[in-house]
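Structural overview
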Amino acid sequence: MDRGKVTLEERPLGATIQRWFPAPPELVYRNWIEAEQIRHWFATDGYEVTGCEIDARPGGKWRVDFRSSTGHVYFEHGEFREMVPGRSLVLTLTQVDGAHTGPETLMTVTFEASRGGTDMTFRQVGYDNSLRRDGNAEGWQECFDKLVARLTSSNVTAWKETHISRHAAEEQEVRALFADWLRTSSALDIDGAMRPLDPDIHSYEHLAPLQYRGIDAIREVCRQGFDLIKGEFEWDIPDLQVIVRDDIAIAWGLNRMRYRSASAPVVENWSRSTRVFQKKDGQWKMIHQHLSVPADPKTGQARFDLKP
């Protein structure tokens, strides 16, 4: 087994370990913040995890209890300082063995997609002596060996299947939201058009001052646009693309708008759009949109007559 690279540091007293894992960064990250995952690997050889409490949020506390085959018990605890899902963690760790409490150390763990898996860089600083540092570095390698074995097993396949299935379901949620939003907007229903928007939405619009903040500002822009429409109006995004990652979704495509009136032919124009959604309290809300119109490079004038 490739145990990566270990670098022992003197100032500050610490160690850096670089390891590769055969799983996506999101899954390796989850093995650091979910109690059910930690139980399987967060113990050195000859020990087992007997208890695990995790409050995975910045400022949240964590604790893991251990017992050896001979009955020796101790625990480790700390606090999450920083968390970027699937990318990095910063947390503290203190070992408590009977009446002895070790120093509070600081751990920084980063995760980067590489070679079909994840390059993880682990750094722990704040040791009070090199003997403790060296012993812990070897202990971490034993733990990471267990994590490699766990991530090589069938649970990775199961996670990927669940992950893909969940993303597919959430993509359909976003697409359904779009379908309802376009339907209500085509009906010039201002309340329906505002329904998917987050109260603090930040929108880049076609008109000056180009950027608008907050749902009230967007409502006024839409109201002015709806008031200009005489006759029938249709709005769709034929090539809508959607990507969902955890609680963030990004959607983009070309807006196609058609106007019909009894006294004039159908008018059709196209523009470009990118929209960002965040899932809040179980519901997707649009937190950002970016709208633009192609322009003639010679005159700088907007071109609404262009078609894809």
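Residues numbered from 1 in each chain as written. Predicted model: local features only at pLDDT ≥ 70, side-chain atom pairs only at ≥ 80, totals over all residues. Heavy atoms only, no water.

**Considerations on the overall build of the chain**
Tallying secondary structure elements over the chain gives six helices and 16 strands in all. In terms of overall size, the chain is more extended than a compact globule, its C-alpha atoms giving a radius of gyration of 27 Å where 308 residues would be expected to give roughly 19 Å. Projecting the C-alpha coordinates of the chain onto the three principal axes gives extents of approximately 90 × 40 × 35 Å. Buried positions account for 44% of the 308 residues belonging to the chain. Restricting the contact set of the chain to residue pairs at least 6 apart, pairs at least 24 apart contribute 48%. Put simply, the chain shows about 16600 Å² of open surface, and 52% of that area lies on carbon and sulfur atoms. (Helix = DSSP H or I, 4+ residues; strand = E, 2+ residues; numbered from the N terminus. Rg over C-alpha atoms; globule rule 2.2 N^0.38 Å. Buried < 20%, exposed > 50% of the residue type's maximum accessible area, 1.4 Å probe, protein only. Contact = heavy atoms within 4.5 Å. Areas by Shrake-Rupley, 256 points an atom, 1.4 Å probe, with all protein chains shown as cover.)

**Observations concerning a nonpolar patch on the surface**
Residues Ile243, Ile250 and Trp252 make up a contiguous nonpolar surface patch of roughly 250 Å² in combined accessible area. Its relative accessible area of 36% is what places Ile250 among the partly exposed residues. (Patch = residues over 30% accessible without salt bridge, like charges linked within 9 Å, V, L, I, M, F, W, Y side chains within 5 Å. Salt bridge = Lys/Arg side-chain N within 4 Å of Asp/Glu carboxyl O.)

**Focus: the packing of helix α1 (residues 25-33) against helix α3 (residues 130-152)**
Closest axis-to-axis distance for the α1/α3 pair is 12 Å, and the angle between their directions is 125°. Taken together, the axes of α1 and α3 are oblique relative to one another. The crossing of α1 and α3 is right-handed. Here α1 contributes Leu27, Val28, Asn31 and Trp32 to the contact with α3, which in turn contributes Trp140, Phe144, Leu147, Arg150 and Leu151. Here the residues of the contact of α1 with α3 sort into seven nonpolar, one polar and one charged. (Axes fitted to C-alpha atoms, helices over the stretch in contact; angles between N-to-C directions. Parallel < 35°, antiparallel > 145°, perpendicular 65-115°, else oblique. Left-handed = near helix turned anticlockwise from the far one by under 90°. Nonpolar A, V, L, I, M, F, W, Y, C, P; charged D, E, K, R; others polar.)

**A few points about the side chain of Lys285**
When you line up the elements, Lys285 lands in strand β16 (residues 283-292). It is Asp198 that comes nearest to the buried, bridge-free Lys285 among opposite-charge side chains, at 7.0 Å. In contact with Lys285, other than residues within four places in its own chain, are Arg195, Pro196, Leu197, Asp198, Val276, Phe277 and Gln278. (Lys, Arg positive; Asp, Glu negative; His and termini not counted.)

**Examining the confidence of the model for the chain**
This prediction gives the chain a mean pLDDT of 91; 95% of its residues lie at or above 70. Here helix α4 (residues 155-186) stands out as the least confident element of the chain, with mean pLDDT 79; strand β4 (residues 61-68) is the most confident, with 98. (pLDDT = per-residue confidence, 0-100.)

**Examining α1**
For α1, a buried count of seven out of nine residues is recorded, marking the element as mostly surrounded by other parts of the structure. All buried positions along α1 are accounted for by Pro25, Leu27, Val28, Tyr29, Asn31, Trp32 and Ile33.

**Describing the pattern of salt bridges**
By the definition in use, this model includes 31 salt bridges. Asp55 serves as the salt-bridge partner of Arg57, at 3.0 Å between the closest nitrogen and oxygen. You can call Arg57 partly exposed: its relative accessible area is 43%. Salt bridges sharing common partners tie together Glu234, Arg258, Arg260, Glu268 and Lys307.

**Thoughts on the pairing of strand β5 (residues 73-84)**
Here seven bridges tie β4 to β5, and the two strands are oriented antiparallel to one another. Paired with Lys61 across the strands is Glu79, a residue of β5. Linking two consecutive strands that pair antiparallel, namely β4 and β5, is a turn of four residues; a positive phi of about 100° is found at Gly71 within it. Strand direction decides the pairing type here: β5 and strand β6 (residues 88-97), joined by seven bridges, are antiparallel. Bridging from a neighbouring strand, Met83 pairs with Leu89 of β6. Following β5, the chain reverses through three residues before pairing antiparallel with β6; Gly86 in that reversal takes a positive phi of roughly 75°. (Pairing = 2+ DSSP bridges.)

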